Structures are given as structure tokens and as C-alpha cells.
Amino acid sequence: MSIRVLHCIHSLSGGGAERQVQLLAAASHDEGMIPGIFCVNETGGEQLGRTVRIYKSLKSMKYNLSLFSSIHDVVIDFRPDVVHAWLPASMTIPAMLVAWVHRIPSVFSYRNKMFFNRPLTVPEYLCAAGAVSRVVSNNPIGQSNRAYRFLYRWKQGVEIANAVHVDAGFRKAITDPTAGSTKTILLAGRLTKQKNWQCLLRALPLIDRQHSYRVTICGDGEDAGAVRKLIHALNLQDRVTLLGYRRDLYAIMQGADVLVLPSWYEGMPNVLLEALAVGIPCLVSDIPAHRDLIGDTRCAVMFDPGAPAELAARLNGFFAAPGSVAGMVRAGWAVADAHSPATMAQQYTRFYRALLSGTSGHASEIGPALNRQGSGHTR
């Protein structure tokens, strides 16, 4: 029998979780699932066409009590077997509570390193503890706060890594960059403290002068003003271009020579996966999420996120030895190919079936986590 799954998320536009909901919904039918989506902002969901039923909240405000009644009405209409609460807390709290009232099994997603960092995280945690059936994490649970690790074990949590889908037309041909040519460095992601954008900007003046480069920054966020200020303070206006949030990121990746991800922490690094799928060499911070994804594949080079000088040294090495690109790109393709939407949908199907049958659905039953590539890493 098909499993009817109602996914509850605030928006269908934006970054990681929003993209994963769409990838999962699009691949669901082939795996015996009937997906529905409840959201406040449906922008970005057009590509799902008519294959997925999208319910939109009557009010567009992020925080509004009407979400309880709206989700109640959707549950009555869609008749889900499982309610999956994604994010943010303003959405997950009513989703979990409405599912509990209707006695529908529910799932709470860990979409990042989980800790009590926002006003609603405490009530969200308490709702999950009292009302949710299971927990699923897109990243190694060891990164999260002790309380979240406890909840994960208590609710028999399972790790299912993110998937990536990049049209084959965006995959770059393997060509070693020409020595001495101007290289394009790409930074992509929300401009927040977590992403550690300062590390890249402070590394740029330390790059050897014989190397010609330009920097493209894609993304927006609360630190956008601070990014501009530091660019001016370091006199980098002629080298750095700010593009803001872009829907054509894959096309921009095609024109880049190297991706830099200096994040302090990540849940599941979607941008890294997407860059690997396109075929861009990547320099990434030495953090658990990146180590876990890269393993011993040598698809990327790591650096200390607290050391701009080390990043500059890695960039100097990349600019001086363009012949190392081909091996990194091929390894990156293999990692990206292992994270397909079909594989993710298969794992979620087994997870939901285990939930409905009352079995544990531990990792051995769901299948190996998508992000287990090995234990080593390249420094």
C-alpha cells in the first residue's frame, strides 16, 4: 500500500531543507509514497507541477496561531499516514501537536547541528519529546547538544543524509585551469556567522601577488552589510562581486574554478554536494560535517576555519598546481552520485514503513547512511 506523507515546512524556496523536501516529494511516487506539502510560502514549488499536492497557509506571517487550524484542515483533507515536521519551530510545533491530536504518527527532522539557539527551540523540543513518534537526522547526531542526542536515542532516531540532483547539462568537462589565468573563487550560502565568510575575505590579501583571481559571493542574510563593510575595509572592491541569492547557482558554479566553504559548522553541506556534482574543486573547512561527507575520497582539500593564512596557502597551492584538478573532480562526482534523490526516497520509504509497522527501523534496516564515504580526510 502507498504511504501518504504530509510534509510541513514554512517555505519551498531557499536552502537545504526546502530543497530536500522538493527532491523527496518528486521521487516519492516511484517508491510507493503519496506526498503532500503544507507551507506558508509556496514560491519555488512550481517545478513539482501537479504531481504533488501543495497546501498553502491562508496567512503569510511566519508566526501565527492559525497554523494549528490550517494544518488540522489539511489533515482532514489529505488523510496522511505520517506527518513529517521539517522546520522552523513555528511550523514544527503546530504540525507535531496536530498530528498528536489526530493520533497520526509524526516525524521530527534534525536539519543541522541541533542546540537551543532560538526562542522557540525549547518549546519545540518539549513538543517533540511529548508528541513526536520518531526523529530523523540529516547529519551525524554526535554534533548536536546532549539533550538532542538523548531525544534522538529515545525516539529511535535514524540518520538519512541529504540528496543532490544537478542536471547533467551543468556538469563541467574536466579541464585543468590554465596556469596564470584569472581564477574565479566562489563562496555560496547564507551570509551568517555560521558560514564564516570572514575567513575567505581575510585570506584574500594573503594570496601570493603573482596569482590573478576574482571572487563571486552568492547568498544573502543578516551579515550582508558586514560583508560589504569588510570588503571595503580590506580594499577588495575590485576583486569581490556580491550577487545576492541566485536561483541559477549551478550556472554560476560552471563558471567558477574553485569553491570555498569556510563554515564553522554544518548539518549536511548541500552546497558542497552540489559543487561536487557540477565538478568544481572544493576547499572546505575541517569540521565534522565535511569530514563525514568527504571521508577518504580526496574529493576536496580541508583547512582550519580559524586560520585565514592556511586558507590562503591552500589557494596558492591550488593556483600553482592546476594539474591536481582532474582527480578531485572525478572523486567528487562519485560522492555526489551516491547521494541521489532515488536513494534518499528509498531510505525514507523504509523509515516510514518501519514507523507504521511499529518496528525500530534502525540504520541496519533503513540502509547505510548516504554520507558514509569513509573515515579519512585530506588536509
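Quick notes on the rules
- Residues numbered from 1 in each chain as written.
- Predicted model: local features only at pLDDT ≥ 70, side-chain atom pairs only at ≥ 80, totals over all residues.
- Heavy atoms only, no water.
- 1 Å grid on protein atoms, 1.4 Å probe; cavity = no way out; pocket = protein on both sides within 12 Å on 5 of 7 lines; lining within 4 Å.
- Points joined across faces, edges and corners; volume = space filled by probe spheres on them.
- Nonpolar A, V, L, I, M, F, W, Y, C, P; charged D, E, K, R; others polar.
- Pairing = 2+ DSSP bridges.
- Helix = DSSP H or I, 4+ residues; strand = E, 2+ residues; numbered from the N terminus.
- Axes fitted to C-alpha atoms, helices over the stretch in contact; angles between N-to-C directions.
- Contact = heavy atoms within 4.5 Å.
- Right-handed = clockwise from strand over helix to strand, strands pointing away.
- Salt bridge = Lys/Arg side-chain N within 4 Å of Asp/Glu carboxyl O.
- Buried < 20%, exposed > 50% of the residue type's maximum accessible area, 1.4 Å probe, protein only.
- Disulfide = S-S within 2.5 Å.
- Core = buried A, V, L, I, M, F, W, Y, C linked by side-chain atoms within 4.5 Å.
- Phe/Tyr/Trp six-rings, centres within 6.5 Å; stacked < 30°, edge-to-face > 60°.
- Lys NZ or Arg CZ within 6 Å of the ring centre and 35° of its normal.

What should I look at first to understand empty space enclosed by the protein in this one?
Over the atoms, a rolled probe matching the size of one water molecule traces out where space is still vacant. For the coordinates displayed, the defined rule picks out one cavity of 30 Å³ or more. As a volume, the largest cavity reaches approximately 50 Å³. Contributing to the lining of the largest cavity are L187, A188, G189, R190, L191, K195, W197, L261, P262 and S263. Its residues placed into classes, the lining of the largest cavity shows six nonpolar, two polar and two charged.

Explanation requested: the layout of surface pockets in the structure shown.
Estimated volume of the second largest pocket: approximately 230 Å³. Forming the boundary of the second largest pocket are 13 residues, of which L204, P205, Y213, L236 and R239 lie nearest the centre. Its residues placed into classes, the lining of the second largest pocket shows six nonpolar, three polar and four charged.

Teacher, can you tell me more about the sheet that holds strand 12 (residues 282-285) here?
Adjacent strands of a sheet form backbone hydrogen bonds with each other and so pair up, either parallel or antiparallel. Taking strand neighbours across the sheet as the criterion, the six strands line up as 10-9-8-11-12-13 in an open arrangement whose pairing is parallel. Every other strand in the sheet has two partners, leaving strand 10 (240-244) and strand 13 (300-303) as the edge strands with one partner each. Recorded for the sheet is a direction-independent mean angle of 25° between the axes of neighbouring strands. Taken together, the three bridges between strand 11 (residues 258-261) and strand 12 define a ladder with parallel strand orientation. Counted as the bridge partner of L261 is V284 from strand 12. Against the sheet, helix 9 (residues 270-278) touches strand 8 (183-188), strand 11 and strand 12, its axis set at about 170° to strand 11.

For this particular structure, what's the right way to read the pairing of strand 12?
As a general feature of sheets, a regular strand has side chains that alternate between the two faces. Regarding the hand of the β-α-β motif, the stretch spanning strand 11, helix 9 and strand 12 is right-handed. In the classification by handedness, the crossover that spans strand 12, the intervening helix 10 (residues 288-294) and the parallel strand 13 is right-handed.

What should I look at first to understand the pattern of salt bridges in this one?
Opposite charge on two side chains permits pairing when their charged atoms draw close. Scanning all chains against the criterion turns up seven salt bridges. E266 serves as the salt-bridge partner of K195, at 2.7 Å between the closest nitrogen and oxygen. Of this pair, K195 sits in the loop between strand 8 and helix 6 (197-203) while E266 sits in the loop between strand 11 and helix 9, and the two are 71 residues apart along the sequence. Residue classification places E266 among the buried residues on the basis of a relative accessible area of 8%. Here D248 ties to R246 by a salt bridge, and the two come within 2.9 Å at their closest N and O atoms. By relative accessible area, D248 is classed as partly exposed at 32%.

What is the right way to read the state of the cysteines from this model?
As used here, a disulfide is simply a covalent bond connecting the sulfur atoms of two cysteines. Under the definition given, this model contains zero disulfides. C199 takes part in no disulfide bond, and the closest cysteine sulfur, belonging to C282, lies 15 Å away. With relative accessibility at 3%, the residue C199 sits in the buried group. Just so you know, C299 is unpaired, no disulfide at all, and the nearest cysteine sulfur is the one on C282, 7.2 Å from it. Residue class for C299 comes out buried when judged on its relative accessible area of 1%.

Would you take a moment to explain the nonpolar core for this structure?
Nonpolar side chains tend to gather and get buried jointly when the protein is soluble and globular. The biggest cluster of nonpolar side chains holds 33 residues, and the ones touching the most others in it are I185, L200, L201, L204, L311 and L315. Those elements that place two or more of their residues in this core are strand 8, helix 6, strand 9 (213-218), helix 7 (224-233), strand 11, strand 13, helix 11 (308-320) and helix 12 (325-337). Once residues within four sequence positions are removed from consideration, L311 is found in contact with C199, L200, A203, V260, L283 and F303.

I'm lost on unusual backbone geometry in this one. Help?
A negative phi angle is the norm for most residues apart from glycine, just as the trans form is the norm for most peptide bonds. Cis geometry marks the peptide bond from L87 to P88; its omega dihedral reads -5°. Secondary-structure assignment places P88 in the loop between strand 4 (82-87) and helix 3 (89-101).

How do you make sense of the packing of aromatic side chains when you look at a structure like this?
Both the distance between ring centres and the angle between the ring planes are used here to describe each pair of aromatic rings. One pass over the structure, following the stated rule, counts 14 aromatic pairs. Note on Y125 and Y148: the rings are 5.1 Å apart at their centroids and 85° apart in plane angle, and the pair reads as edge-to-face. Of the two residues, Y125 is situated in helix 4 (residues 121-131) and Y148 in helix 5 (residues 146-154); the sequence distance between them amounts to 23 residues. Y148 shares its class with Y125; the two are buried. Consider the rings of F351 and Y352, whose centres lie 6.0 Å apart with planes at 45°: the pair is tilted. Since its relative accessible area comes to 0%, Y352 is described here as buried. An aromatic cluster is defined as three or more aromatic residues linked by ring pairs; in this entry it consists of F108, Y110, F116, Y125, Y148 and Y152. Residue placement shows R4 over the ring face of F78; its charged tip is 4.5 Å from the ring centre. One residue, K155, lies across the ring of W154, its end atom 4.5 Å from the ring centre.

By themselves, these figures tell us nothing about what the structure is for.
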